[in-house]
Amino acid sequence: MPTTPPPARRRRRRLAPLPIRDGLNPSRVRAPGAPGDAPVTAMDLVTAAVEGQTHRHPDDGPATVAARFAEGAVVDANARPLAPDAPLRPGTDIWFYRLPAPEPTIAGPMPILHRDRDLVVVDKPPFLATTPRGRHITESAVVRLRRELDDGDLIPAHRLDRLTSGVLVFVARPEVRGAYQDLFADPGAVVKHYEARTRRPAPGELPDAPFTLRTRQEKTRGILQARTVTGEPNAITVVEDVSLDDGHPGPGTALWRLRPITGRTHQLRLHLHDLGFPILGDPLYPDVLPADAEDPARPMHLLCRELSFDDPTTGRRRTFRSRRGSPTWRRPDIMGNM
């Protein structure tokens, strides 16, 4: 009788030879070139990495690069400090600390919902990235939490989009990271409940809930929007309920309760867009809005309300629930065009 193979385990990242500092991981850079090419110096490599940053701190220049070497904070894979003139063969990795550029604080508070020996669970606000990426480095949930709790071991067990709010789980002990990350990577092992707000459907425009959406979605690196393509479904979402909001003036809205079975990038956003009900406040669907159009007063109305799973270390059933209010729609005369 055929059996279902266990989920593939994630490839573990190599341990960095420098510790986390002020909530930030060290950066790794690799000496360019092909075997046989002339080596570059460690100073040249770090200088090129600093100068090549898209979002660079205005004070990060020759003096701060030299200070890193003087401090012994530029190291090889064995944590040995490198001299500025150390030759590096092509393909050699070195580590150092970047100096993050100043960032505006636009995300609100991030309350802690639960904390124990293994897990820290937070109620992430919108506009806060889960991990450092692009121009959002210090304004990320993991850096904020590491600084708040003075705990450099914290890593996220999963991710939420920067504009999505709600339950976000962090792993506290390195010894159990793999167990929790594998759990969240296994489709269906974690039961997730989301809430989204959209325009109000007309009578007969939608099938009666519950119903299931099954499509094939693709996300190309460097392209902001994901897309639906033909082929075997890889994105499955159960629409558990669609309730109408009649309790305010202005155009009616609907609150959707969604249970994603899979975890594709932008899965819920794209599924609702494809149905003709883009999430209110979404800057990517149906149209990509410019980055400078982002307004903290107009968040995207998508909330991870609840997560449940069998704990891989204790076997206990765990349930964590956001305390945030359901996404609410403000009238256009107050909010502007959403």
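Higher on the page you've got the structure.
An account of the accompanying structure is given in this report. Model, not experiment: these values are computed from the prediction. (Residues numbered from 1 in each chain as written. Predicted model: local features only at pLDDT ≥ 70, side-chain atom pairs only at ≥ 80, totals over all residues. Heavy atoms only, no water.)

Looking at the element boundaries, proline 109 is found in the loop between β4 (93-96) and β5 (112-115). The spatial distance from the C-alpha of proline 109 to the C-alpha of proline 260 is 26 Å, given a sequence separation of 151 residues. Each residue touching proline 109, except ones within four places of it in the same chain, is listed here: Asp123, Pro125, Arg144 and Arg324. (Helix = DSSP H or I, 4+ residues; strand = E, 2+ residues; numbered from the N terminus. Contact = heavy atoms within 4.5 Å.)

Moving on: the pattern of salt bridges. Enumeration over the complete set of coordinates arrives at 23 salt bridges. Among the ionic pairs, glutamate 195 bridges to arginine 305, the shortest N-O distance being 3.1 Å. Here the residue glutamate 195 occupies a position in strand β9 (residues 191-199), and arginine 305 occupies one in strand β14 (residues 302-310), the gap between them amounting to 110 residues. Arginine 305 shares its class with glutamate 195; the two are buried. The partner of arginine 321 in a salt bridge is glutamate 306, with the nearest N and O atoms 3.2 Å apart. Taken together, the residues span a long stretch of sequence, with arginine 321 in strand β15 (residues 317-321) and glutamate 306 in strand β14 at a distance of 15 residues. A network of salt bridges, in which partner residues are shared, links Arg28, Arg30 and Asp93. (Salt bridge = Lys/Arg side-chain N within 4 Å of Asp/Glu carboxyl O. Buried < 20%, exposed > 50% of the residue type's maximum accessible area, 1.4 Å probe, protein only.)

Tallied over the full model, the rule gives 3 aromatic pairs. Between the aromatic rings of tryptophan 256 and phenylalanine 277, the centroid separation amounts to 5.4 Å while the plane-to-plane angle is 55°, which identifies the pairing as tilted. One end of the pair, tryptophan 256, is in strand β13 (residues 253-260); the other, phenylalanine 277, is in the loop between α5 (267-275) and β14, with 21 residues separating them in the sequence. Here the two residues tryptophan 256 and phenylalanine 277 agree in accessibility, since each one is buried. Pairwise contacts between aromatic rings join Phe184, Phe309 and Phe320 into one cluster. Over the aromatic face of phenylalanine 277 sits the side chain of arginine 199, whose NZ or CZ is 4.1 Å from the ring centroid. (Phe/Tyr/Trp six-rings, centres within 6.5 Å; stacked < 30°, edge-to-face > 60°. Lys NZ or Arg CZ within 6 Å of the ring centre and 35° of its normal.)

Between alanine 209 and proline 210 the backbone carries a cis peptide bond, its omega angle lying at 5°. Its identity is not glycine, yet alanine 79 carries a phi of approximately 65°, on the positive side. Tracing the backbone shows alanine 79 in the loop between α2 (62-71) and β3 (87-88). Non-glycine residue aspartate 150 carries a positive phi angle of around 50°. Among the structural elements, aspartate 150 can be located in the loop between α3 (141-149) and β7 (155-156).

Among the residues making up α2, those that are buried are Val65, Arg68 and Phe69. Considered in projection along α2, the buried side chains sweep an arc of 95° and stay on one side of the axis. Exposed side of α2, more than 90 degrees from the buried face: Ala63 and Ala70 are the residues found there. In this fold, the buried residues of α2 make contact with α1 (42-51) and β4. Just past α2, the residue glycine 72 takes up positive phi, approximately 75°. (Arc of directions from axis to C-beta.)

This next bit is on the side chain of threonine 198. Secondary-structure assignment places threonine 198 in strand β9. Given the relative accessible area of 0%, threonine 198 is considered buried. Side chain to side chain, threonine 198 and tryptophan 256 meet in a polar contact 2.7 Å long. When neighbours within four sequence positions are excluded, threonine 198 is seen to be in contact with Thr253, Ala254, Trp256, Leu272, Phe277, Pro278, Ile279 and Leu280. (Polar contact = N/O pair within 3.5 Å; in protein donor to acceptor, adjacent residues only side chain to side chain.)

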